[in-house]
Amino acid sequence: MYADTQNDITRQVVRVAQLLLAYGAESDLVEEISQRLGKALGLASVEISISSNSLVLTSLVHGRCITTTRRIREHGINMTVICELQRICLLTEKGIYGLNEVRKRVSRIQPKSYPRRYLVPMIGLSCGSFCHLFGGDTMAVLITILASSVGMSVRLAIAKHHFNLLVNFAVTAFITTLVAQMGYHLQLTDTPKLPMAASVLMLVPGFPMINAISDMVKGHLNVGISRWGHATLLTVSSVIGITIAMQLGGLFL
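Since this is a predicted model, take the numbers as computed values, not measurements. (Residues numbered from 1 in each chain as written. Predicted model: local features only at pLDDT ≥ 70, side-chain atom pairs only at ≥ 80, totals over all residues. Heavy atoms only, no water.)

### Some thoughts on the environment of Gly136
At step 1: Inspection of the secondary structure assignment puts Gly136 in the loop between helix H5 (116-133) and helix H6 (138-160).
At step 2: C-alpha separation for the pair Gly136 and Tyr118, spaced 18 residues apart in sequence, amounts to 25 Å.
At step 3: Those residues in contact with Gly136, other than ones at most four positions away along the chain, are Cys131, Val141, Thr191 and Leu194. (Helix = DSSP H or I, 4+ residues; strand = E, 2+ residues; numbered from the N terminus. Contact = heavy atoms within 4.5 Å.)

Right, dumping it as structure tokens:
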């Protein structure tokens, strides 16, 4: 294998690893896919080191090493991208894709998300379902659906303008809690606390926490601690927004 070919393969493998990390894959999966893809394309071995915001990848062929470093910029969790990269790896291992085809497929990957007109009402229904499971009456469920739908609309609007995620969570929690307080101020329900608790469940960073624990259990302590810290900050931001809204609503008096 020529040095130029090794360079091209290394760049493609590290690009796949970069996308996997950027869209929320756990560290163990990133290592596995990178090594499998590299070997399927002709590399003797692939060694990868992952940190909280960067990765270093080294490829080896006939005693010749090439090392490259990439910075990781998070784009939010998107399992469609991760599944597509896994599919590319599998087809490469089967010999269906070569280097050029892998390059084309990876360059065409676009993150997909559900349309807003479907996402907002479904989030409202899911939070309303939690309120019902918690024992809320019909009016409490309706207030929860309204509050969480408004909150999700605010969250998507803020995300569209690329504000910091911590600011996004704090503002969303604030607006959602303000709307959910209707049960208190208008006395519309016998269970006014439940809408306030259920409507903000959409802000629980469950996936990052699961990834953090998985990374730490599998030996990637630095990445796991970083992800856990980020999930904790998101939770704290949500609590700050909820607390301010409750203070303004007079619920702490």
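Following the structure, the description resumes.
### What to know about helix H11 (residues 221-248)
At step 1: Its 28 residues place the ends of H11 40 Å apart at the C-alpha level, agreeing with the 40 Å of an ideal helix rising 1.5 Å per residue.
At step 2: At the C-terminal side of H11, Gly250 shows a positive phi close to 80°. (Expected span 1.5 Å × (residues − 1).)

### A closer look at the nonpolar core
At step 1: Among the nonpolar cores identified, the biggest contains 36 residues, and Leu20, Val30, Leu55 and Leu85 are the most heavily contacted of them.
At step 2: At the level of secondary structure, the elements contributing two or more residues to this core comprise helix H1 (3-22), helix H2 (27-40), strand S1 (45-50), strand S2 (54-61), helix H3 (79-93) and helix H4 (99-108).
At step 3: The element best represented in this core is H1, accounting for nine residues.
At step 4: For Leu55, the contacting residues outside a window of four places in its chain are Val14, Ala17, Gln18, Leu21, Ile48, Ser49, Ile50, Thr68, Thr69, Arg70 and Ile72.
At step 5: Residues Ile123, Cys127, Met152 and Leu203 belong to the second largest nonpolar core, which totals nine residues. (Core = buried A, V, L, I, M, F, W, Y, C linked by side-chain atoms within 4.5 Å. Buried < 20%, exposed > 50% of the residue type's maximum accessible area, 1.4 Å probe, protein only.)

### Observations concerning a nonpolar patch on the surface
At step 1: A surface patch of nonpolar side chains, amounting to about 440 Å² of accessible area, comprises Leu178, Val236, Ile240, Ile244 and Leu248.
At step 2: Ranked by the residues each element gives to the nonpolar patch, the list is headed by H11, at four residues. (Patch = residues over 30% accessible without salt bridge, like charges linked within 9 Å, V, L, I, M, F, W, Y side chains within 5 Å. Areas by Shrake-Rupley, 256 points an atom, 1.4 Å probe, with all protein chains shown as cover. Salt bridge = Lys/Arg side-chain N within 4 Å of Asp/Glu carboxyl O.)

### Considering the pattern of salt bridges
At step 1: Per the stated rule, a full pass over the model turns up seven salt bridges.
At step 2: The salt bridge partner of Arg87 is Glu84, with a shortest N-O separation of 3.6 Å. In this pair, Arg87 and Glu84 both sit in helix H3, three residues apart, roughly one turn of the helix.
At step 3: Relative accessible area serves as the criterion here: at 25%, Glu84 is assigned to the partly exposed category.
At step 4: Shared partners join several salt bridges into a network, and the residues in it are Glu32, Arg36 and Glu93.

### Details of the packing of aromatic side chains
At step 1: Applying the stated criterion across every chain yields a total of one aromatic pair.
At step 2: Between Phe130 and Phe134, the aromatic rings sit 6.2 Å apart at their centres with planes inclined by 35°, giving tilted as the arrangement. (Phe/Tyr/Trp six-rings, centres within 6.5 Å; stacked < 30°, edge-to-face > 60°.)

### Quick notes on the side chain of Ser237
At step 1: Structurally, Ser237 can be placed in helix H11.
At step 2: If we skip the residues at most four places from it in the chain, Ser237 touches Leu166, Phe169 and Ala170.

The values are spatial; any link to function lies outside them.
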